[in-house]
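# Fold and contact review
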Amino acid sequence: MRLLARLRGWEGLLLVLLVAIVAMNVTRSPYYLGVENIVNLFQLEIEKIIVALTMTLLIINGEIDLSVASIMGLAACVMAWLFRHGAPMPWALLGGLAAGGAAGAFNGFWVAYVGLPSLAVTLAGLIGYRGVARILVEDRSYGGYPAWFDAIGQQPQLGPVTVSIAVFAVLFAIVAVILHDSGFGRIVYVMGNNLQAARYSGVRIKPAKLSLFVASGLNAALAGLLYAARLGSVRGDLAQGFELDIITIVLLGGVSIFGGSGNLVGVGLSILVILNLRNGMGLADITGNTQTSVIGALLILSVLIPNIAQTVRSNWKGRET
Amino acid sequence: MRNVALTGAVLAALALMPQAASAQEIKPGQAENMVLLPKFLGIAVFDQAHKGAEEAAAELKNPTKLQFLGPTPENSVAGQIEIVTNATTQGVNAIMISNNAGDQIGPAVKAAHDKGITVVSWDSPIPSSEGEDVFVAQVDFKETGKVMADMALKILGDAGGKFAVLSASPDAANQNAWIAAMKDALKDAKYSKLDLVETVYGNDQSELSYNQAVALVDKHPDLKLIMAPTTVGIAAAAKAMQDEKLCDKVKVSGLGLPAEMVAYTMNGCAPAFALWSFVDLGYLSYYTAYALATHAIKPEEGAKFHAGRMGDYTITKDPTRAKGLRILMGPFSVYDKSNVEAAAK
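Definitions and limits used
Residues numbered from 1 in each chain as written. Chains lettered and ligands numbered in written order. Predicted model: local features only at pLDDT ≥ 70, side-chain atom pairs only at ≥ 80, totals over all residues. Heavy atoms only, no water. Core = buried A, V, L, I, M, F, W, Y, C linked by side-chain atoms within 4.5 Å. Buried < 20%, exposed > 50% of the residue type's maximum accessible area, 1.4 Å probe, protein only. Contact = heavy atoms within 4.5 Å. Patch = residues over 30% accessible without salt bridge, like charges linked within 9 Å, V, L, I, M, F, W, Y side chains within 5 Å. Areas by Shrake-Rupley, 256 points an atom, 1.4 Å probe, with all protein chains shown as cover. Salt bridge = Lys/Arg side-chain N within 4 Å of Asp/Glu carboxyl O. Helix = DSSP H or I, 4+ residues; strand = E, 2+ residues; numbered from the N terminus. Disulfide = S-S within 2.5 Å. Pairing = 2+ DSSP bridges. Buried area = accessible area lost by both parts, 1.4 Å probe. Nonpolar A, V, L, I, M, F, W, Y, C, P; charged D, E, K, R; others polar. Domains from an automatic or database assignment.

## With respect to the nonpolar core
Note on soluble globular proteins: their nonpolar side chains tend to be buried together. Formed by 105 residues in total, the largest nonpolar core has its most connected members in Met-79 of chain A together with Val-84 of chain B. Once residues within four sequence positions are removed from consideration, Met-79 of chain A is found in contact with Met-89, Ala-92, Leu-93, Gly-96, Tyr-145, Phe-149, Leu-225, Ala-228 and Val-234 of chain A.

Here it is as structure tokens:
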């Protein structure tokens, strides 16, 4: 019953949209259904959708992390710098992850313990972490990593599936369990709905918020390192501007920017809608600004439709009484 | 027995002889699905290259329409990778790319090449040359450095002075090679009064380039010249100096489009700049990619072919990279008050 009710709402709309897009892709391109293309469809945006998972948790919690793309760049640049200076690859990777965790903890400290708005804190992070990344690699690009590292990002390792896609699948399952089937998940929602109420009902708000930001930083770092593996080389502008695409995915998934509502089913559908739309347009040779405009229009609609529906519904109710 | 050995020797001798010097004619009318991929859309020079490629496509009577696909400037790296990957999925015959992703494009291009797709880079090569058949170079990169050094000397005069470089993205292989070549040229004693103080990057975005130009002047009060080896950068820098009313003090030079620069050249903000024809570059890139895709020539040193109105070209080793092949187009045109108005039309 709950699933049915859900499908009539926003998720239902996304599902209809997804079916329409897939149907269009199937009829318009003979290449669409190939295994290689389906893998590429995910692979070309994989780092963004990985980060979208922790972004979902944060936005439901009533916060936001604008610094994720800069953390992706920071992690990759720290890794590149360490490797360049003789660190073995596994240590360089750990260093990148640690940098991401530290950046996330820094964000979380100011938001959770000092009480600054996450919009401001992570906006500063967006600029600051990118700056550190650029200082580390300067204006060069660093490549020449071990073959196994490049293979992780560039070649299928598990049947036709790449490591990045497997990582995404596992993370999706973990986040789904945390959000929808654990006590911590309920706390995330309660805090997003009403922080005061959560505080008075004894929820330990500060560590909860801090842990979400650390998770976001670690996850962004992981995605940044996977992106570095896919590209085979790192430069200071790695993943620059990705934060907006990531937030777009989450909002299109029906997660309220004000916190407290949304679910991972919606975000999963939103991911499929955007990826299939992009891939279909790519195969139809629609690129550049046209592609950007279509996705922009989709986002505007995703903001407008629920609001219009709400207005219509309340007007209707008003007439009845 | 003797005869056989003799014939064998003659054949061996023939094989060792240098290839016949005549250029390979290309057979027109073959259906080749070709993609022209600029750094990004919405830049005049890439539209000109597109025009040249269309001209070549019409001459070669390719029944398959040329695809002109490009990313947006803010999404250039990921966008170029996406377009190359989708083109590979579609199994196109040739990709012509002006690379803006440095070696980050390598894996995507290699995947295309492994699938048998002809990959020609133009305007900006793949630094490692991995996955690339040949690079169509607009001009000799060494000459670009020399031309820029000469323009700087002409503008600053014998007294010399401080100048700065405003480049495109930090990883643009072509700009970096030109700047390196200019620094090399500057070692000559006659340029000893020219003092290159800094290189900054505007990422080929007008606003960022404009701000970088203004920042340069703030940082170096005695700056006399901004050298921008990019059409976006030079126009933005000239506009910045004009807006700041600094044209008497700080001149702008570099590589620019006559149509975009004519006003600044006539009012003295940018007294001299240089460029090659992007129409010709697109034309030659198309001929090269078509010749390779139809197997009229092989991507190897010494291969020669006839490129329509532009004449004969030969594939050589690329002296500007550790590995890789190139076709050199050339030459340069230097524009100043005397000829810029005619070229801008």
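## Points about a nonpolar patch on the surface
Residue and element names in this part refer to chain A. Where nonpolar side chains cluster on the molecular surface, the patch consists of Phe-106, Phe-109, Trp-110, Tyr-113, Val-114 and Leu-116 and spans about 550 Å² of accessible area. In this structure, Trp-110 sits in helix α6 (residues 89-113). Relative accessible area serves as the criterion here: at 31%, Trp-110 is assigned to the partly exposed category.

## Focus on the state of the cysteines
Residue and element names in this part refer to chain B. Counted under the stated rule, the structure contains one disulfide over all chains. Disulfide pairing places Cys-247 opposite Cys-269 at an S-S distance of 1.8 Å. Here Cys-247 and Cys-269 share a disulfide; its torsion about the S-S bond, 95 degrees, makes the bridge right-handed. Of this pair, Cys-247 sits in the loop between α8 (231-243) and β9 (251-254) while Cys-269 is found in the loop between α9 (258-266) and β10 (273-275), placing the two residues 22 residues apart along the sequence. Accessibility expressed as a relative area gives 10% for Cys-247, which makes it buried.

## Observations concerning the sheet that holds strand β1 (residues 34-37) of chain B
Residue and element names in this part refer to chain B. Here seven strands make up an open sheet; going across it, the order is β2-β1-β3-β4-β5-β14-β13 and the pairing mixed. Looking at strand neighbours, the two that pair on one side only are β2 (67-68) and β13 (316-317), the edges of this open sheet. Taken together, the four bridges between β1 and strand β3 (residues 94-97) define a ladder with parallel strand orientation. Each bridged residue has a counterpart across the sheet, and for Leu-37 the counterpart in β3 is Ile-97.

## A look at the interface of chain A and chain B
In this assembly, 27 residues from chain A lie in contact with 28 residues from chain B. Overall, the association of chain A and chain B removes approximately 2300 Å² of surface from exposure, summing both partners, and the carbon and sulfur fraction of that is 48%. Our count for the contact surface shared by chain A and chain B stands at two salt bridges. Classifying every residue of the side of chain A that touches chain B gives eight nonpolar, twelve polar and seven charged.

## Concerning the domain arrangement of chain B
All names here are of chain B. Domain annotation for chain B reports domain 1 (19-138 + 278-329) and domain 2 (141-275). Contact with domain 1, which involves 21 residues of that partner, is made by 15 residues of domain 2. Interface of domain 1 and domain 2: buried area, both sides summed, is about 1200 Å²; carbon and sulfur atoms make up 61% of it. Among the residues of domain 1 in contact with domain 2, Lys-39, Val-45 and Thr-320 are the three that bury the most area, contributing 24% of the side total.

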